[in-house]
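So you can see what is in the structure, the chains are spelled out below.
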Amino acid sequence: MSGNNPVNPSSQARRDFLKIGGAATAALLTPSAFAATPDKALPALPQNPRTHGAMPTRNLGKTGYKVGLFSLGGQAALEKPNNFDVAVPIIERALDLGVNYIDTSSIYGGPDRWSEQYVGKVMAKRRNEAFLATKTKERTRDGSMRMIEKSLQLLNTDHVDLWQLHDVGTQYDVDQIFAKGGAMDALLEMQQQKVVRFLGITGHYRPEALVECIHRHDFDCILMAMNAADPHHYSFNETLLPLAVEKQMGIIGMKIPGRGRILSTWTPPPIEQQKHSWEGMTIQTDKPGTLTIREAMYYTLSRPVSTVIIGCDSIPQLEENVHLAHNFTPINEKQQTELVAKAEPCAKPSLFFRFYDRP
């Protein structure tokens, strides 16, 4: 992956702080590597000067950050390999349009972490314009420490605004994360050392494990699947969402179009092809969805969320989403109920991520 991230002052500061390199890597994974650094302070919260005129904003929970209604997801074009010519202009254009929150992860784009690479290309020049969120899928402290070090390198920054536990789905995940030497130790240490600003959890599978996480720690944010099909299967609306609201968490909605499957414009690939994709491995369908992107976005934005993230494949797609956010007015409870009913025929394909067997 060399050649994509030239050395700059922020990456040098990061390396000076974490003292990574050669034999020092082993030291990173010991408590003594994180001596107190009282002189280190996080910069002010990011501020994109275009956001206020581009779309309405909401509080990101108790963080003090005002986030635009539409935020950029780190998948779609941003997770495809060797896609710099498409992905980087999408990120640049998002910031130009007033988007002020960017989501990515250490596993988006596979082992090469293409998504973090693309975002890092832009962050090298425009770090202070976006609230930057990434994630660790690792369940141990040591594994997560390695993830955050590489994330900082690829993202061309010495800090991230939100570091999240990725895809918490089962009690098994929770037990690993909160065990001695679990990932939670890494999150707390990195927050204490001002490497990460806020802590969060993410999930799309079933609600129970996420509820348990919230009971165990006062997380700042939650990234959760919230689309109009949700009430039909293992709903996040019933217990998880009210709990997150009660805790005054920043609530970020994802899976708004269900990887396209909730949309009437989606063309189903051949069944055999679906069986070999993440989206279709458990649930295949020969029918498109039933909602427009406007209906899908406005349903979730009418729920008690701070923002929604959607991955984009092109600049026109991005521009449409920003336009919808700019013109958003909430739909009432009756209209929400109607959209839930309208989504019922495509509910299982749109919630494919809830039907995998997991430990």
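Going by the structure above, here's the rest.
About the thresholds
- Residues numbered from 1 in each chain as written.
- Predicted model: local features only at pLDDT ≥ 70, side-chain atom pairs only at ≥ 80, totals over all residues.
- Heavy atoms only, no water.
- Helix = DSSP H or I, 4+ residues; strand = E, 2+ residues; numbered from the N terminus.
- Buried < 20%, exposed > 50% of the residue type's maximum accessible area, 1.4 Å probe, protein only.
- Areas by Shrake-Rupley, 256 points an atom, 1.4 Å probe, with all protein chains shown as cover.
- Axes fitted to C-alpha atoms, helices over the stretch in contact; angles between N-to-C directions.
- Parallel < 35°, antiparallel > 145°, perpendicular 65-115°, else oblique.
- Left-handed = near helix turned anticlockwise from the far one by under 90°.
- Contact = heavy atoms within 4.5 Å.
- Expected span 1.5 Å × (residues − 1).
- Arc of directions from axis to C-beta.
- Polar contact = N/O pair within 3.5 Å; in protein donor to acceptor, adjacent residues only side chain to side chain.
- Pairing = 2+ DSSP bridges.
- Nonpolar A, V, L, I, M, F, W, Y, C, P; charged D, E, K, R; others polar.

**Quick look at the overall build of the protein**
Piece 1. The number of helices and strands found in the protein is 15 helices and 10 strands.
Piece 2. By residue count, 57% of the 359 residues in the protein fall in the buried class.
Piece 3. Accessible area of the protein: about 14800 Å², with a carbon and sulfur share of 53%.

**Describing the packing of helix H4 (residues 84–96) against helix H13 (residues 315–326)**
Piece 1. The N-to-C vectors of H4 and H13 enclose an angle of 25°; their axes lie 10 Å apart at closest approach. If you check the angle between H4 and H13, you find them roughly parallel. Considering only the axes of H4 and H13, their crossing is right-handed. Packed against H4, whose contacting residues are Pro89, Ile90, Arg93 and Ala94, the element H13 presents Ile315, Leu318 and Glu319 at the interface.

**Observations regarding H13**
Piece 1. Under the 1.5 Å per step criterion, the end-to-end length of H13 is 16 Å for 12 residues, consistent within 8% with the ideal 16 Å.
Piece 2. For H13, the set of buried residues is Leu318, Asn321, Val322, Leu324 and Ala325. Each buried residue of H13 lies within a common arc of 160° when the element is viewed along its axis, so the set occupies one face.
Piece 3. The inward-facing, buried residues of H13 abut strand S3 (70–72), H4, helix H12 (293–301) and strand S10 (307–310).
Piece 4. In this structure serine 314 caps H13, since a side-chain oxygen of it lies 3.2 Å from the backbone nitrogen of glutamine 317.

**So, the pairing of strand S9 (residues 250–254)**
Piece 1. Burial runs high along S9: five of the five residues are buried.
Piece 2. Both strand S8 (residues 221–225) and S9 contribute to a ladder of five bridges, which runs parallel. Bridging across to S9, methionine 224 finds its partner in glycine 253.
Piece 3. With two bridges joining them, S9 and S10 adopt parallel strand pairing. Within S10, the position partnered with glycine 253 by the bridge is valine 308.

**Things to note about the packing of helix H5 (residues 114–126) against helix H6 (residues 141–155)**
Geometrically, a packed helix pair is captured by the angle between its two axes and the distance between the axes.
Piece 1. Where H5 meets H6, the closest approach of the two axes is 7 Å, and the angle between their N-to-C directions is 50°. When the axes of H5 and H6 are compared, the pair comes out oblique. Mapping the contact onto sequence places Glu116, Gln117, Val119, Gly120 and Met123 in H5 and Ser151, Leu154 and Leu155 in H6.
Piece 2. Counted by class, the contact of H5 with H6 contains four nonpolar, three polar and one charged residues.

**Notes on the environment of aspartate 218**
Piece 1. For aspartate 218, the location among the structural elements is in the loop between helix H9 (207–216) and S8.
Piece 2. Sequence spacing of aspartate 218 and glutamine 248 is 30 residues, and the spatial spacing of their C-alpha atoms is 9.8 Å.

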